[in-house]
Each structure stands twice: as structure tokens, then as C-alpha cells.
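Observations on the three-dimensional arrangement
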Amino acid sequence: EINDCHFDSEFDISRVKSAPNKWIIAKTLGTLESINQSYSKFRFNDIANDLYNHTWGVFCDWYIEFTKSLLNDENEKTVLETRKTLAWAFEVCLKMLHPIMPFVTEELWGHFRKGENLLSNSDWPKVNKISVDEYQIKNIENVISFIEDIRSTKSDFNLVSGEKTELYVVDLQKEQFAYIKENE
């Protein structure tokens, strides 16, 4: 169990409210749709690249980082939603990775879904057509871009990555300033 996250078969991804949770759902469904298309064209290299980029670069690198603050939120509904979203996204990742990495994913599945059927016997995830709040998705993408720019600048000036550094923001457009203020 990851932070007391358990899969909930009744979880409705279309009712998610938190921007980072909406973002991971949109990214996961987009990846699922992309790899489904690649399977139909026998583009296994594209499948492997998409799965690597999503699992490592989106889910592990960014979403898990975003969940740290959400799981410590004072609002219990946000915490519960995040637990369910995290479990949903992890399960979909395991299912998408299973054809490429069957032994590893089966082992993880056994720990995650104790006492249930094998992952190889589970249904392939479905691409749900849900309405996506493009503004919130773009907002999260902008936050990620902003953080990457800060990390890059710190690296360029050989600043220690874990050390706090003063940040001066100069010459921002109105939209950029808005998403920084919204996500302080």
C-alpha cells in the first residue's frame, strides 16, 4: 500500500477535483490511447518509449511529487481523492507495462492487489472519454516547466540542488504570473 492507497472499483475519474489528480488522469489516458494505437500498428518501440516516458517521467517523477502535499492536505476529501487517483494511476501503469515487463509487473500486482487474480488475467484498461479542464492541465504543465527552468538555472550556476535559493521573477507575461501565484 502506498500511503494507504487502495484500488476502488467504484472510483469515478470524471469526478476528480484536484488539478494534479486531473492532470495524471489526462496524461495516463493519453498514454493509454497512444500505446493502443501503437499496438494496432505493431510499433513496439513507440510503446516502450511512451511507457517509459509516462511511468518514469510523468507518474514517478512528477505525480508522486505532487501527491506529497495533497496527501497532507487538511481537506479529507482531497486526501481520499488523491489516494484513489494514485491507486488508479498505478494500476493502469502496471497494466500498460505488463506486456513489456510481465514478471516485474506481476510481482508488484501481487503486493498491490493481495489475494486477487493475476495481472495477466485482468482486463486491459479502457480509454475513458472524460471532459478535461484544459486550463488546469496547462497550469500543471506550466508549473512543471517553471520548476524545470529553476532547476536548470541552479545547475548552470552550480548551486546546490537541495539548498534554498532566492528567486527573482522578472518580465513575466500576465498568464505566467497568474499560474505562479495560483500555485505558490
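Scroll up to find the structure.
Right, let's walk through the structure included here. Sequence positions are assigned chain by chain, starting from 1 and proceeding in written order. It should be noted that, the model being predicted, local features are given only for residues of pLDDT at least 70 and side-chain atom pairs only at 80 or more, the latter also being counted only at that level, while totals for whole chains, interfaces and linings use all residues. Derived side-chain values reflect all non-hydrogen atoms in the structure, with water molecules and hydrogen atoms excluded from consideration.

1. Topic: unusual backbone geometry
Glycine aside, negative phi is the norm for most residues, and most peptide bonds take the trans geometry. The backbone phi angle of Phe 42 is positive, close to 55 degrees, even though this residue is not glycine. Inspection of the secondary structure assignment puts Phe 42 in the loop between helix H1 (19–40) and helix H2 (44–70). With phi around 55 degrees, Asn 158 is a residue other than glycine that occupies positive phi space. The helix and strand labels rest on DSSP assignments: H or I over at least four residues marks a helix, E over at least two residues marks a strand, and numbering proceeds from the N terminus. Assignment of secondary structure puts Asn 158 in the loop between helix H5 (134–156) and helix H6 (174–182). We call a residue buried when its accessible area falls under 20% of the maximum for its residue type, exposed when it is over 50%, and partly exposed in between, using a 1.4 Å probe and counting protein chains only. Since its relative accessible area comes to 69%, Asn 158 is described here as exposed.

2. Observations regarding the packing of aromatic side chains
Pairing of aromatic side chains requires ring centres within 6.5 Å, counting the rings of Phe and Tyr and the six-membered ring of Trp. Pairs whose planes differ by under 30 degrees are stacked, by over 60 edge-to-face, and all others tilted. By the definition in use, this model includes 8 aromatic pairs. The interplanar angle of 25 degrees and the centroid separation of 6.2 Å between the aromatic rings of Phe 59 and Phe 90 together place this pair among those described as stacked. On the criterion of sequence distance, the pair formed by Phe 59 in helix H2 and Phe 90 in helix H3 (residues 76–97) is long-range, its members being 31 residues apart. When sorted by exposure, Phe 59 lands in the same class as Phe 90, which is buried. Seen in terms of ring centroids, Phe 90 and Phe 112 are 5.1 Å apart; in terms of plane orientation they differ by 85 degrees. Their pairing is edge-to-face. Residue Phe 90 is located in helix H3, and its partner Phe 112 is located in helix H4 (residues 102–112); the two are separated by 22 residues in the primary sequence. The exposure class assigned to Phe 90 is buried, which follows from its relative accessible area of 16%. Here the aromatic cluster, defined as three or more aromatic residues joined through ring pairs, consists of Tyr 39, Phe 42, Phe 44 and Trp 124.

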